[in-house]
Amino acid sequence: FNLAPRPGTDELWVANTHARNLVRFEPKLRGHVIDSRITRVSTGESGASDPIDLNADVEYAELPSDAALSMALSQPTDLVFDRDGDIAYVAAFGTDRIGVLDADGEVLARIEVGDTPGAGVSPRTKRGPRALALHASGDVLYVLNRLSNSVSVVDTRERKLVAEIALF
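In what follows, the accompanying structure is described. Computed from a predicted model, the values in this text were never measured in an experiment.

**A few points about the side chain of Asp-35**
Consideration 1: Mapping Asp-35 onto the fold places it in strand S3 (residues 34-42).
Consideration 2: Classification of Asp-35 as buried rests on a relative accessible area of 16%.
Consideration 3: Residues contacting Asp-35, with those up to four places away along its chain left out, are Asn-16, Thr-17, His-18, Arg-20, Asp-53 and Tyr-60.

**Side note on the sheet that holds strand S8 (residues 107-112)**
Two pairing modes exist for strands in a sheet, parallel and antiparallel, and in both the strands are linked by backbone hydrogen bonds.
Consideration 1: The strand order S5-S6-S7-S8 describes an open sheet built from four strands, whose pairing is antiparallel. The open sheet has two edge strands, strand S5 (76-81) and S8, and neither has a second partner. Averaged over all adjacent pairs, the angle separating strand axes in this sheet is 20°, with direction ignored.
Consideration 2: In terms of strand pairing, strand S6 (residues 87-92) meets strand S7 (residues 97-102) through six bridges, oriented antiparallel. When the sheet's bridge partners are listed, Tyr-89 is paired in S7 with Val-100.

**Comments concerning the sheet that holds strand S4 (residues 49-53)**
Consideration 1: The strand order across the open sheet built from four strands is S1-S2-S3-S4, with neighbouring strands paired in antiparallel fashion. Both edges of this open sheet fall to strand S1 (2-5) and S4, since each of them pairs with a single strand only. Going across the sheet, the axis of each strand differs from the next one's by a mean of 25°, ignoring polarity.
Consideration 2: Direction of pairing for S1 relative to strand S2 (residues 11-19): antiparallel, over a ladder of four bridges.

**Structural notes on the layout of surface pockets**
Consideration 1: Taken as a whole, the second largest pocket spans an internal volume of roughly 210 Å³.
Consideration 2: Lining the second largest pocket we find Asp-82, Arg-83, Asp-84, Ile-87, Tyr-89, Ser-137, Gly-138, Asp-139, Thr-156, Arg-157 and Arg-159.
Consideration 3: Partitioning the lining of the second largest pocket into residue classes produces two nonpolar, three polar and six charged.

**Topic: the pairing of strand S10 (residues 140-145)**
Consideration 1: Residues of S10 alternate between two faces, with Leu-141, Val-143 and Asn-145 buried on one and Val-140, Tyr-142 and Leu-144 left unburied on the opposite face.
Consideration 2: Both strand S9 (residues 129-134) and S10 contribute to a ladder of five bridges, which runs antiparallel. Among the inter-strand pairings, Leu-132 is bridged to a residue of S10, identified as Val-143.
Consideration 3: Hairpin remark: S9 followed by S10, antiparallel, with five residues in the connecting loop; positive phi at Gly-138, about 85°.
Consideration 4: Relative to strand S11 (residues 150-155), S10 is paired through six bridges, and the arrangement is antiparallel. Paired with Val-143 across the two strands is Ser-152, which belongs to S11.

**Thoughts on the pairing of S3**
Consideration 1: For S3, the tally of buried residues reaches seven of nine residues, placing the bulk of the element in the interior.
Consideration 2: In this sheet, S4 lies alongside S3 in antiparallel orientation, the contact comprising five bridges. Considered in S4, the bridge of Thr-39 is made with Pro-51.
Consideration 3: Counting the residues that bridge the hairpin from S3 to S4 gives six residues, and of these Gly-47 lies at a positive phi of roughly 60°.

The rules behind the values
- Residues numbered from 1 in each chain as written.
- Predicted model: local features only at pLDDT ≥ 70, side-chain atom pairs only at ≥ 80, totals over all residues.
- Heavy atoms only, no water.
- Helix = DSSP H or I, 4+ residues; strand = E, 2+ residues; numbered from the N terminus.
- Buried < 20%, exposed > 50% of the residue type's maximum accessible area, 1.4 Å probe, protein only.
- Contact = heavy atoms within 4.5 Å.
- Pairing = 2+ DSSP bridges.
- Axes fitted to C-alpha atoms, helices over the stretch in contact; angles between N-to-C directions.
- 1 Å grid on protein atoms, 1.4 Å probe; cavity = no way out; pocket = protein on both sides within 12 Å on 5 of 7 lines; lining within 4 Å.
- Points joined across faces, edges and corners; volume = space filled by probe spheres on them.
- Nonpolar A, V, L, I, M, F, W, Y, C, P; charged D, E, K, R; others polar.

In structure tokens, the structure reads:
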């Protein structure tokens, strides 16, 4: 969906999904039809790529699960790094969240962009985070919400939503 170079490295991080098309028969999928992930690509000589599952902690054998819904990061659409490349912010369109990842791709936190936690979002209240911009200070993250036509303002130190501005 989008990509960002990681500062100070030869890595390019790509927001993507991976369809599990090679698993035959719907009952075997048990609700696990895609993987939401970030793929690290080396732009150096090796050209190696390393997929990072954004939902590695989800126990797919126990779906449906409120625990899984409360922490899922679904359909990553954009990502941006802090100045040092130590922290990445990922817009999760499908679950109305921003994922906070460390340099290894481990999820450190999840930030809700709406009034309702991602697990309980209805189509009428969904924000749909689509794009991210990090202020030069690194203290403020702006989130373009495509479905609600708004911009969410996130305090990156507190890791919480502080405002939402309607575009029209």
